[in-house]
Amino acid sequence: MSASSSVNWSPHYSAFGLLANALTGQKGWRPAWRDAAPKPAYDVIVVGGGGHGLATAYYLAKEHGITNVAVLEKGHIGSGNAGRNTTIIRSNYLLPGNEPFYEWSMKLWEGLEADLNFNAMVSQRGVLNLFHSDPQRDAYARRANAMRLAGADSELLDADGVRALAPFLDFANARFPIKGGLLQKRGGTARHDAVVWGYARAADRRGVDIVQNCEVTGFLRENGAVVGVETTRGPVRAGKVALAVAGSTSRLTRHLDLRLPIESHALQAFVSEGLKPLVPGVITFGMGHFYISQSDKGGLVFGGDIEGYNTYAQRGNLPVVEDVCEGGMAIMPLIGRLRMLRSWGGLLDMSMDGSPIIDVGPLPGLYLNTGWNYGGFKATPASGWCFAHTIARDAPHALNAAFRLDRFRSGHVIDEKGVGAQPNLH
Ligand SMILES: Cc1cc2nc3c(=O)[nH]c(=O)nc-3n(C[C@H](O)[C@H](O)[C@H](O)COP(=O)(O)OP(=O)(O)OC[C@H]3O[C@@H](n4cnc5c(N)ncnc54)[C@H](O)[C@@H]3O)c2cc1C
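Residues numbered from 1 in each chain as written. Predicted model: local features only at pLDDT ≥ 70, side-chain atom pairs only at ≥ 80, totals over all residues. Heavy atoms only, no water.

For the protein chain, the name recorded in an unreviewed UniProt entry is Sarcosine oxidase subunit beta, with Xanthobacter tagetidis as its organism. Annotation of the protein chain in UniProt includes, under Sequence similarities (unreviewed entry), the sentence "Belongs to the SoxB family." For the protein chain, the Subcellular location (unreviewed entry) comment in UniProt is given as "Cytoplasm". (UniProt positions renumbered as here; feature names shortened; annotations may be inferred.)

Now the structure itself:
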């Protein structure tokens, strides 16, 4: 489908539409978004067609009326982390800089499907973090209270409460006996590709150009300001250039002689053969660096640690496969008889305090969205919403006010332990 066929936007999805198409040979469907070619200039260019880039474009159009926008993606949309993650959504953060932002994301998830008119399979099946000692219980009690103060839900379970949800866990594990867990019932999973497709379709319907197979290879500069990008499909000018390229951020900012407090590491994930319903929600075993959930198709989806070295490759290595499986066996021995179907890797943008950056600058005309560590999927709606605000108003929203780049210079870091600070130590 060509860029000029803008009238051919996909229709509003509804039960009536399904019925009408069923009765007319399924001839009424249209591609969900146009395959646009890049125009010579835009008001805003968003680099990166992952969830964050597409959500940013959508909220620029929806919340700020800025529709002369292109999302430039080097491959196909969702081919980065957005299509490679383990789909967990939650807002169980501790620190004041983080928790209100992630809770806003949860609220956006809760209304997302109606907003986008797309089934993103948002499933609030609960997220349970296990604890194994009295000090860890205290830490989770503190986190649960912080969550409540920010308007999120949280429950502290004892061992019997966990047993009622997940009797298959090894409660008497010699090294890490299960003493209880922090449960967020509103947490859960969402279908990652559907989130990408839903945002792409909704942005396209508001006039955003989604340009695939268009790699940004450099920047156009005038008097120190960024005024556009060089791409594999030619130069494209823009009033504002916004980067949402996750683990590729430092590769791109290198062209601007900018060094960021970001390291790129690979993270792997795994899926088993399909089983009957077993794992009720998401279970995390932080002490063993292992977490697990079950997909709607029945496969157990699990993961663990990042690779210990810096890389731009979207794949990991066997020692981490072994490490993750050991963690799984320690807490859930029944997976020992499972067959693993697939594993894959994605490229994480690890920030040095484990918290993200959504900011104006640091050069005129440039806007940054990065530092998502292990956990940017759950942030997708709020990240796009806040980044759109930051780009449109040239200033952060209160929700991302703490996510400034200069915190690493001023010392106002948001050191959210357990989400990836100091990636060199993993
Ligand atoms: C295995 C794994 C499991 C994870 N599990 C979870 C989870 O359960 N929950 C959670 O919250 N988070 C999870 N994450 C993290 C989460 O997936 C990411 O933080 C999030 O998806 C980042 O979104 P994004 O849109 O910024 O990045 P991406 O989806 O990676 O998008 C960036 C896009 O930029 C494109 N790009 C790069 N360079 C260029 C260029 N030069 N020109 C044009 N385009 C370019 C890439 O092709 C890519 O499509 C996981 C990540 C991995 C890898």
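So, next bit.
S.K.: Please give an account of the site of the ligand that cites residues and values.
M.R.: Neighbouring the ligand are 37 residues, the closest being Glu73, Asn81, Ala82, Thr86 and Lys378. In this structure, an oxygen atom belonging to the ligand sits 3.2 Å away from a main-chain N or O atom of Gly51. Considering the ligand on its own, with 1,000 Å² of exposed area, one finds that the protein chains cover 96% of that surface. Every element with two or more residues in the shell around the ligand is listed here: helix 2 (51-64), strand 12 (262-274) and strand 16 (340-351). Per-element accounting of the shell around the ligand gives the leading share, 3 residues, to strand 12. When the residues that make up the shell around the ligand are grouped by side-chain class, the tally is 17 nonpolar, 15 polar and 5 charged. The residue makeup of the shell around the ligand includes at least three contributed by each of domain 1 (41-84 + 193-261 + 358-410) and domain 2 (125-187 + 263-351). (Near = heavy atom within 4 Å. Polar contact = N/O pair within 3.5 Å; in protein donor to acceptor, adjacent residues only side chain to side chain. Areas by Shrake-Rupley, 256 points an atom, 1.4 Å probe, with all protein chains shown as cover. Helix = DSSP H or I, 4+ residues; strand = E, 2+ residues; numbered from the N terminus. Nonpolar A, V, L, I, M, F, W, Y, C, P; charged D, E, K, R; others polar. Domains from an automatic or database assignment.)

S.K.: Describe in detail helix 4 (residues 134-149), supporting the description with residues and values.
M.R.: Here helix 4 spans 23 Å end to end across 16 residues, near enough to the 22 Å set by a 1.5 Å rise per residue. For helix 4, the set of buried residues is Gln136, Tyr140, Arg143, Ala144, Ala146 and Met147. Viewed along the axis of helix 4, the buried residues span an arc of 165 degrees, placing them on a single side of the element. Along helix 4, the residues that are exposed and aim more than 90 degrees away from the buried face are Pro135, Asp138, Arg142, Arg148 and Leu149. Structurally, helix 4 contributes buried residues whose contacts are with helix 3 (99-116), strand 4 (127-131), strand 5 (155-158) and strand 6 (180-184). Directly after helix 4, the chain includes Gly151, whose backbone phi takes a positive value near 90 degrees. (Expected span 1.5 Å × (residues − 1). Buried < 20%, exposed > 50% of the residue type's maximum accessible area, 1.4 Å probe, protein only. Arc of directions from axis to C-beta. Contact = heavy atoms within 4.5 Å.)

S.K.: Quick rundown of the environment of Leu116? Include the residues and the values.
M.R.: One can find Leu116 in helix 3. Classification of Leu116 by relative accessible area gives buried; the value is 4%. As a C-alpha pair, Leu116 and Val195 span 79 residues in sequence and 9.3 Å in three-dimensional space. Excluding its chain neighbours within four sequence positions, the residues that come into contact with Leu116 are Tyr58, Gly198, Tyr199, Arg201 and Ala202.

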